[in-house]
Amino acid sequence: METAPKPGKDVPPKKDKLQTKRKKPRRYWEEETVPTTAGASPGPPRNKKNRELRPQRPKNAHILKKSRISKKPQVPKKPREWKNPESQRGLSGAQDPFPGPAPVPVEVVQKFCRIDKSRKLPHSKAKTRSRLEVAEAEEEETSIKAARSELLLAEEPGFLEGEDGEDTAKICQADIVEAVDIASAAKHFDLNLRQFGPYRLNYSRTGRHLAFGGRRGHVAALDWVTKKLMCEINVMEVVRDIRFLHSEALLAVAQNRWLHIYDNQGIELHCIRRCDRVTRLEFLPFHFLLATASETGFLTYLDVSVGKIVAALNARAGRLDVMSQNPYNAVIHLGHSNGTVSLWSPAMKEPLAKILCHRGGVRAVAVDSTGTYMATSGLDHQLKIFDLRGTYQPLSTRTLPHGAGHLAFSQRGLLVAGMGDIVNIWAGQGKASPPSLEQPYLTHRLSGPVHGLQFCPFEDVLGVGHTGGITSMLVPGAGEPNFDGLESNPYRSRKQRQEWEVKALLEKVPAELICLDPRALAEVDVISLEQGKKEQIERLGYDPQAKAPFQPKPKQKGRSSTASLVKRKRKVMDEEHRDKVRQSLQQQHHKEAKAKPTGARPSALDRFVR
């Protein structure tokens, strides 16, 4: 007896179930339709729960791709049209009047360019030329980016300008303090320390901290912007000079007998007895070298990163109490009592150069930040500015009534001279131009004789140490208005300072690379190379780099007879001989062209000249 199948309980066989699951693949141009069967009866849904949880779409929703049954034919998409970027409009509908990147002036790009494209290799391989082209393209892109980033340097240097016919040297510090804002006016102050003077002072590389030491043992360090005292001690000994090391956390003090190192809390860390009777100190930041000049006539270089003395050079000129460094090439300049200035490097036991500057002893030496100009003053009451670009000739000279005992250059090229209790400042046309000694830019009188001078980095401030204490003067246009936050950041935290110290130690320049021209380090020393090659030939008795004589390789199938080998060897020897003759003839013609006087009229007898 047959029974009617109940709805929902008739389960088809397994094979039919697999066949129903497989669908014919649909192409993207075909419409998707639901196949209907005649015998299928609409039964209740199997998973009611999942269907109830699905979001319900509105009935009138029209979806072209996913619709099961479409009443309207699908409209094919139109091909994508490429629009001209110049015709693109913004959100407001207005067209950009300046499309594309902003143009960069050629002069600004050349200022950041470091590769000289005029110098090219005469005979270079294709691979080398391609690498050079890639390097030049990268360097050009980098210089353009640097020129664009110059827009972010909001601060600009300025100078003090008087009214029509007004002399700026007659403007006193009180007038400048009244004219500037409150923050700049707070940078002018006087520290009355007559009990322990006279004083020597030094600013940190960031320009944020100030250290000073008195002749009677007073040593102090402070944040001179916020006037917060870091440390203050009395070493109970004569202090002759004081210097910050690579950061404001370490301090070098030249005391009466030995050199001492202190931290920013006033705790003595080291006592270096090999540096005795020190009179002057200079620190080379990129080499981590502390240069000391002593009464015994020795110039000593101390590597503060490892605590070892790199070089101890005898200047053979008596007491050394005049010393300055060239910030461009880290060469030390020493002034002597015979009127000469000698230039020293730890890689050489003899001076790199000697310059006769004055008829009397040299009292002070200073070098500008570009390493181009050197200012000297002597016992003959003359102030001279020399050109250090190979000529070493005086550019300008001025006779002073009392003579300058201390000199210093600012970052923007201003020159200050301390003459007794008077400070004179001369200005030039810009950073790379020498200062004009005709008319002083500013003049100021102190309460005592000057004992030390230094411009504060990145600030229009001049620090003066004298017998009455410390004076901070305002000098408009003295410092660089913008600083590099990755190199000298005055607002860095302790963590940033520690990270900077690690990076600076990894990038430390060896002391052997100090020379007069740092650009020569990237060139090949041809003279030393030839000399070393000659010494190697003399030591070995033969030239290891000489070309080996030609030896023909044997050939197979009976073609390696003795006659053929000799013939091939003779052919190669003849070709080499022709090349040598051709080169000698070219050299001879070149010499004759040089020896022949230019502009001489040709003569018929020239053919007999050999």
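Residues numbered from 1 in each chain as written. Predicted model: local features only at pLDDT ≥ 70, side-chain atom pairs only at ≥ 80, totals over all residues. Heavy atoms only, no water.

- An unreviewed UniProt entry annotates the protein chain as WD repeat-containing protein 46 of Gorilla gorilla gorilla.
- Database annotation for the protein chain, UniProt heading Subcellular location (unreviewed entry): "Nucleus, Nucleolus". (UniProt positions renumbered as here; feature names shortened; annotations may be inferred.)

1. Quick word on the sheet that holds strand β3 (residues 209–214)
Adjacent strands of a sheet pair through backbone hydrogen bonds, lying either parallel or antiparallel.
Phase 1 of the analysis: Sheet architecture is open: four strands sit in the order β2-β3-β4-β5, paired in antiparallel fashion. The two strands at the open ends of the sheet, each matched to only one other strand, are β2 (199–203) and β5 (228–234). Between one strand axis and the next, the sheet turns through 15° on average, direction left out of account.
Phase 2 of the analysis: As defined by bridge partners, β3 adjoins strand β4 (residues 218–223) across five bridges and the pair is classed as antiparallel. What sits directly across from His209, in β4, is Asp223. (Pairing = 2+ DSSP bridges. Helix = DSSP H or I, 4+ residues; strand = E, 2+ residues; numbered from the N terminus. Axes fitted to C-alpha atoms, helices over the stretch in contact; angles between N-to-C directions.)

2. Regarding the UniProt feature "repeat: WD" (unreviewed entry) in the protein chain
Phase 1 of the analysis: The feature "repeat: WD" (unreviewed entry), as given by UniProt, occupies residues 355–389 in the numbering adopted here.
Phase 2 of the analysis: With 0% helix and 57% strand, residues 355–389 has end C-alpha atoms that lie 13 Å from one another.

3. Here we look at the environment of Gly213
Phase 1 of the analysis: Among the structural elements, Gly213 can be located in strand β3.
Phase 2 of the analysis: For Gly213, a relative accessible area of 1% translates into the label buried.
Phase 3 of the analysis: Between the C-alpha atom of Gly213 and that of Glu232, which follows or precedes it by 19 residues, the distance is 9.8 Å.
Phase 4 of the analysis: With sequence-adjacent residues up to four places away left out, Gly213 is seen in contact with Pro198, Tyr199, Arg200, His218, Val219, Val239 and Ile242. (Buried < 20%, exposed > 50% of the residue type's maximum accessible area, 1.4 Å probe, protein only. Contact = heavy atoms within 4.5 Å.)

4. Some thoughts on the sheet that holds strand β20 (residues 382–387)
Phase 1 of the analysis: Spatial strand order, β18-β19-β20-β21: four strands in an open sheet with antiparallel pairing. Here the strands that pair on one side only, and so sit at the sheet edges, are β18 (362–367) and β21 (394–399). Sheet twist, expressed as the average angle between the axes of neighbouring strands with direction ignored, equals 15°.

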